[in-house]
Amino acid sequence: MRLVSLLASATEMIAELGCLDQLVGRSHECDYPKAVQMLPVVSRVQINVDTSSAEIDAQVKALSRAAHEDTAALKALSIYSINTDQLQRLRPDIIFTQTQCEVCAVSERDVARAVAQLIGIQPRILSLAPYRLADVWEDVLRVGAALERQAQAEKLVAGYQARLERLRSRSDAQPEHPRVAILEWIDPPMAGGNWTPELVEYAGGINLFGEAGAHSPWLAWEDLLAADPDVIVLTPCGFTLERTLEDIPLLEARPGWSNLRAVRNGRVFAVDGNQYFNRSGPRLVGSAEILATLLYGKDMAESIDHTSWQRVGDKS
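How each quantity is defined
- Residues numbered from 1 in each chain as written.
- Predicted model: local features only at pLDDT ≥ 70, side-chain atom pairs only at ≥ 80, totals over all residues.
- Heavy atoms only, no water.
- Helix = DSSP H or I, 4+ residues; strand = E, 2+ residues; numbered from the N terminus.
- Rg over C-alpha atoms; globule rule 2.2 N^0.38 Å.
- Buried < 20%, exposed > 50% of the residue type's maximum accessible area, 1.4 Å probe, protein only.
- Contact = heavy atoms within 4.5 Å.
- Areas by Shrake-Rupley, 256 points an atom, 1.4 Å probe, with all protein chains shown as cover.
- Lys, Arg positive; Asp, Glu negative; His and termini not counted.
- Charge placed at Lys NZ, Arg CZ, Asp CG, Glu CD.
- Salt bridge = Lys/Arg side-chain N within 4 Å of Asp/Glu carboxyl O.
- Axes fitted to C-alpha atoms, helices over the stretch in contact; angles between N-to-C directions.
- Parallel < 35°, antiparallel > 145°, perpendicular 65-115°, else oblique.
- Nonpolar A, V, L, I, M, F, W, Y, C, P; charged D, E, K, R; others polar.
- pLDDT = per-residue confidence, 0-100.
- Core = buried A, V, L, I, M, F, W, Y, C linked by side-chain atoms within 4.5 Å.
- Disulfide = S-S within 2.5 Å.

## What to know about the overall build of the protein
Secondary structure summary: the protein contains 13 helices and twelve strands in total. Here the C-alpha radius of gyration of the protein, 20 Å, is about what a compact globule of 316 residues would show, namely 20 Å. In terms of its C-alpha atoms, the protein occupies a principal-axis envelope of roughly 60 × 45 × 35 Å. With 316 residues in all, the protein has 52% of them scored as buried. Taking the contacts inside the protein whose residues are at least 6 apart along the sequence as the reference set, 68% of them involve residues at least 24 apart. For the protein, the exposed surface amounts to about 13,900 Å²; the carbon and sulfur share of it is 50%. When the 31 positive and 42 negative side-chain charges of the protein are each reduced to one mean point, those points stand 3 Å apart.

## Some remarks on the environment of Thr235
Among the structural elements, Thr235 can be located in the loop between β10 (231–234) and α10 (241–246). Residues Thr235 and Thr99, spaced 136 residues apart in sequence, show a C-alpha to C-alpha distance of 22 Å.

## Some remarks on the pattern of salt bridges
Tallying each qualifying case throughout the model produces 13 salt bridges. Put simply, Asp31 and Arg279 hold a salt bridge, and the shortest N to O gap is 2.6 Å. Highlighted residues: Asp31 in the loop between β2 (23–26) and β3 (43–45) and Arg279 in the loop between β11 (268–271) and α13 (284–296), separated in sequence by 248 residues. Judged by relative accessible area, which is 22%, Asp31 ranks as partly exposed. The salt bridge involving Arg179 is made with Asp230; its shortest N-O contact spans 3.9 Å. Of this pair, Arg179 sits in strand β7 (residues 179–185) while Asp230 sits in the loop between α9 (221–227) and β10, and the two are 51 residues apart along the sequence. In this structure Asp230 comes out as buried when scored by relative accessible area, which is 19%. Connected via shared salt-bridge partners are Glu12, Asp31, Arg279 and Arg283.

## Concerning the packing of helix α7 (residues 150–172) against helix α8 (residues 196–203)
Running from amino to carboxyl end, α7 crosses α8 at an angle of 55°, the nearest separation of the two axes being 7 Å. By the angle between their directions, the pair α7 and α8 is classed as oblique. Between α7 and α8, the residues in contact are Leu164, Glu165, Leu167, Arg168 and Ser171 and Glu201, Tyr202 and Ala203, respectively. Taken together, the residues of the contact of α7 with α8 break down into four nonpolar, one polar and three charged.

## Comments concerning the confidence of the model for the protein
For the protein, mean pLDDT is 90; residues scoring 70 or higher make up 91% of the total. Residue range residues 72–76 is modelled with pLDDT below 50. Its contacts to residues more than four positions away, or to other chains, number five contacts.

## Some points on the nonpolar core
Counting 51 residues, the largest nonpolar core has Phe96, Trp137 and Val143 as its most contacted members. In terms of residues, this core owes the most to one element, α13, which gives nine residues. Grouped together as the second largest cluster of nonpolar side chains are 20 residues, Ala227, Leu251, Val268 and Val312 included.

## Quick notes on the state of the cysteines
Summed over the entire model, instances satisfying the criterion amount to zero disulfides. Cys30 supplies the cysteine sulfur nearest to Cys19, a cysteine that is in no disulfide, at a spacing of 15 Å. Note on Cys30: no disulfide assigned, nearest cysteine sulfur contributed by Cys237 at a separation of 14 Å. Residue Cys30 is classed as buried on the basis of its relative accessible area of 0%.

Okay, structure coming up:
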């Protein structure tokens, strides 16, 4: 089969299932494993992402408002575009996309619009829609079935679940369970939703904001101050660790930031939210292990990417 993935997490699932050799095209966001970076890129983002967090948020909200006001203009108002000429040349049998969030990645609507323009081919569109960890594991099984790797997919899912349960056992045995605030966006503040509260639970923390299975909620600054978390973890969606660190002054300039318990105790951490936490794929297991390591100050993982996070204020 010839595969095109327009979803980074689907690309990682395809790789885990041993089908990377069938992948012929990718989205602009698909960058892991490294080998996929050599493949043709089929999509691009249509807003300016090389700007401030507030401006990125403003652009997205402006597009959303305009789309609601003029549904006929949805094509022009999409955050992403697909190169249909490139797609025609690649002649995929399956295109992987998602329906979970039109802001985070190319959507099923974008793909259906592009496929309608193709000549002589009618690829299958497989859309993933993860909101909880159970949905992510179900998506792995669906991808496995589409690639005729069902048994391997079942084995992978069983392994992910067992690894999380082993982490839960280690974290449950800790003497304290910190109160945790996960910030999925910094300006304006947004808490982590969807599967993030479940990751906090597996890591042994007490989640303060966001509900499992629900979209990430906007967070009033006063609510963060009132909750006064023991630990704050910054995981901006789509941001590398380096890009996240650039936004720390925005938090430091806010009233009351320096008085927060987590800040006073040096328990604020920046994480690569692009590679971890916000990708609904296999590395959510690693995300929970990273979080547990941050909460307890010792390696809680079976395998961990120590380059993915940094303590805020640590210049080393």
